[in-house]
Amino acid sequence: DLLETAVSYPGIQEVMFQAWGETSDSLVERSQQLHELDPERVVVKLPLTRAGIRAAAVLRVAGLRRKQPIRLCMTVCYSA
């Protein structure tokens with residue numbers, strides 16, 4: 001599997017996966033699925049959009065409640 005292959009290389013401690021979706025709800029759902037792959041090594045990337053920012057806020061609160069935060073990274077979006 002891709003995650004196991006990536007972390008098998010020397011020095012690789014984390015892997016970033018991009019969440020996808022057009023609404024904050026879909027981004028939250030995908031982010032939780034990605035996080036569950038390996039909570040210790042997966043960092044979820046969210047787009048720096050209104051939906052992405054809302055999703056990040058929801059995920060942050062949910063992670064604090066569970067005492068297992070989802071590691072997040074916000075990514076810039078470009079448009080042509």
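## Thoughts on helix α3 (residues 50-66)
Line of reasoning, step 1. Between the first and last C-alpha of α3 there are 25 Å, a value that for 17 residues agrees with the 24 Å anticipated at 1.5 Å per step.
Line of reasoning, step 2. Along α3, the residues classified as buried are Ala 51, Gly 52, Ala 55, Ala 56, Leu 59 and Gly 63. All buried residues of α3 fall inside an arc of 130 degrees around its axis, so they share one side. Pointing more than 90 degrees away from the buried face of α3 are the exposed residues Arg 50 and Arg 65.
Line of reasoning, step 3. Immediately downstream of α3, the backbone of Lys 67 shows phi near 60 degrees, a positive value.

## Quick look at the pattern of salt bridges
Line of reasoning, step 1. Applying the stated criterion across every chain, the model contains four salt bridges.
Line of reasoning, step 2. A salt bridge links Arg 41 to Glu 4; its shortest N-O distance comes to 3.2 Å. Of the two residues, Arg 41 sits in the loop between α2 (24-37) and β2 (42-47) while Glu 4 sits in helix α1 (residues 2-7), which places them 37 residues apart along the sequence.
Line of reasoning, step 3. The exposure class assigned to Arg 41 is partly exposed, which follows from its relative accessible area of 24%.
Line of reasoning, step 4. Taking relative accessible area as the criterion, Glu 4 reaches 43% and is therefore assigned partly exposed.
Line of reasoning, step 5. Its salt-bridge partner being Arg 30, residue Glu 29 comes within 4.0 Å of it at the nearest N-O pair.
Line of reasoning, step 6. A residue is classified by how much of its surface remains accessible, and Glu 29, at 43% relative accessible area, is partly exposed.

## Quick look at the sheet that holds β2
Line of reasoning, step 1. Ordered in space as β1-β2-β3, the three strands form an open sheet in which the pairing is parallel. Here the strands that pair on one side only, and so sit at the sheet edges, are β1 (15-18) and β3 (72-75). Across the sheet, the mean angle separating the axes of adjacent strands is 30 degrees when strand polarity is ignored.
Line of reasoning, step 2. Sheet analysis places β2 next to β3, joined by four bridges and oriented parallel. Residue pairing for β3: Pro 47 is matched across the bridge by Thr 75.
Line of reasoning, step 3. α2 contacts β1 and β2 of the sheet and is inclined by roughly 165 degrees relative to β2.
Line of reasoning, step 4. With respect to the sheet, α3 is in contact with β2 and β3, its orientation differing from that of β2 by roughly 145 degrees.

Criteria and cut-off values
Residues numbered from 1 in each chain as written. Predicted model: local features only at pLDDT ≥ 70, side-chain atom pairs only at ≥ 80, totals over all residues. Heavy atoms only, no water. Helix = DSSP H or I, 4+ residues; strand = E, 2+ residues; numbered from the N terminus. Expected span 1.5 Å × (residues − 1). Buried < 20%, exposed > 50% of the residue type's maximum accessible area, 1.4 Å probe, protein only. Arc of directions from axis to C-beta. Salt bridge = Lys/Arg side-chain N within 4 Å of Asp/Glu carboxyl O. Pairing = 2+ DSSP bridges. Axes fitted to C-alpha atoms, helices over the stretch in contact; angles between N-to-C directions. Contact = heavy atoms within 4.5 Å.

Take it as geometry only, folks, not as evidence of what the structure does.
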